[in-house]
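# Architecture at a glance
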Amino acid sequence: MTLHDDALLVLKGYEDQPGLRQQYLDHLAAHPDGMYKPCEAGHLTASALVLDPSRGQVLLTLHRKLDMWLQMGGHCEPEDTSVARAALREATEESGIPGLELLPGGPVRLDRHAVPAPCNWHLDIQYAALAPAGAAAAISDESLDLRWFSYDEVAGVADASVVRLLDAARERLGAPS
């Protein structure tokens, strides 16, 4: 199965945000290269919000190019065998934390956002990842900084898309938001 086919299956099984989901499906139908960075009409990305529920914390990265606190994530690569694995790969690379596990149940949210050319649009399939107890993060080349924030601090440092992702992840965990 190709990454493109995997994305179609993931999106068809995702029942929340039906209007946005349809935009993703239309994009993939119109752009055979719509999974990858060279597609200038936009492309799918995969991300994962790293959580430590035992400490009530989330790990955010200060993105080197955007200078914003965001969840871990990025572009799909040809060697990725699934969108979930791309999200987990990105989260592991950017956090430096081995042993992350995606929260069961598939993607937590979808988010479409404009980015500087030549990318133009990211159609982000967003997961949540659970960090092992006592996990220590290590900054990668893609980050200016990494920091654990309490759930309550996130709205003060990150944009609304990260707050919505955190709220959805906490709901999936059964934790009040």
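Residues numbered from 1 in each chain as written. Predicted model: local features only at pLDDT ≥ 70, side-chain atom pairs only at ≥ 80, totals over all residues. Heavy atoms only, no water.

## Let's talk about the nonpolar core
L11, Y24, M35, L44, V50, V83 and I125 are the most contacted members of the largest nonpolar core, which has 32 residues in total. Taken together, the elements giving at least two residues each to this core come down to α1 (3–13), α2 (18–30), β1 (43–52), α3 (83–95), β7 (121–130) and β8 (143–150). Residues contacting V83, with those up to four places away along its chain left out, are L3, D6, A7, M35, A46, I125 and Y127. With 18 residues, the next largest nonpolar core counts L51, V58, L165 and L166 among its residues. (Core = buried A, V, L, I, M, F, W, Y, C linked by side-chain atoms within 4.5 Å. Buried < 20%, exposed > 50% of the residue type's maximum accessible area, 1.4 Å probe, protein only. Helix = DSSP H or I, 4+ residues; strand = E, 2+ residues; numbered from the N terminus. Contact = heavy atoms within 4.5 Å.)

## Focus on the packing of aromatic side chains
In total, this model carries 1 aromatic pair according to the counting rule given. Lying across the ring of W148, R55 places its NZ or CZ 4.7 Å from the centre. Above the ring of W121, the side-chain terminus of R112 is found at 3.6 Å from the ring centroid. (Phe/Tyr/Trp six-rings, centres within 6.5 Å; stacked < 30°, edge-to-face > 60°. Lys NZ or Arg CZ within 6 Å of the ring centre and 35° of its normal.)

## Some points on the environment of C39
Tracing the sequence through the fold places C39 in the loop between α2 and β1. For C39, a relative accessible area of 3% translates into the label buried. For the pair C39 and P118, spaced 79 residues apart in sequence, the C-alpha separation works out to 8.6 Å. Apart from residues no more than four positions distant in its own chain, C39 is found in contact with H27, H31, D33, G34 and C119.

## Observations concerning the layout of surface pockets
Taken as a whole, the largest pocket spans an internal volume of roughly 840 Å³. Contributing to the lining of the largest pocket are 36 residues, with H63, L66, H75, V115 and H122 lying nearest its centre. Mapped by element, the contributors of at least two residues to the lining of the largest pocket are β1, β2 (57–63), β4 (72–75), α3, β6 (109–114), β7 and α5 (160–173). Per element, the largest residue contribution to the lining of the largest pocket is 4 residues, and it comes from β4. For the lining of the largest pocket, a count of residues per class yields 12 nonpolar, 12 polar and 12 charged. Its volume calculated, the second largest pocket comes out at about 220 Å³. Along its surface, the second largest pocket is lined by 14 residues, and Y14, D16, P107, V108 and R172 are the ones closest to its centre. Contributions of two or more residues to the lining of the second largest pocket are made by α1 and α5. (1 Å grid on protein atoms, 1.4 Å probe; cavity = no way out; pocket = protein on both sides within 12 Å on 5 of 7 lines; lining within 4 Å. Points joined across faces, edges and corners; volume = space filled by probe spheres on them. Nonpolar A, V, L, I, M, F, W, Y, C, P; charged D, E, K, R; others polar.)

## Considering α1
Three or more residues of α1 are buried, namely L3, H4, D6, A7, V10 and L11. With its buried residues spanning 160° around the axis, α1 presents them on a single face. Residues of α1 that are exposed and point over 90 degrees away from its buried face: L9, K12 and G13. (Arc of directions from axis to C-beta.)

## Quick look at the side chain of R89
Structurally, the position occupied by R89 is in helix α3. Here the side chain of R89 touches D80 through a polar contact of 2.8 Å, side chain to side chain. Here R89 is in contact with H75, C76, E77 and D80, once residues within four sequence places are set aside. (Polar contact = N/O pair within 3.5 Å; in protein donor to acceptor, adjacent residues only side chain to side chain.)

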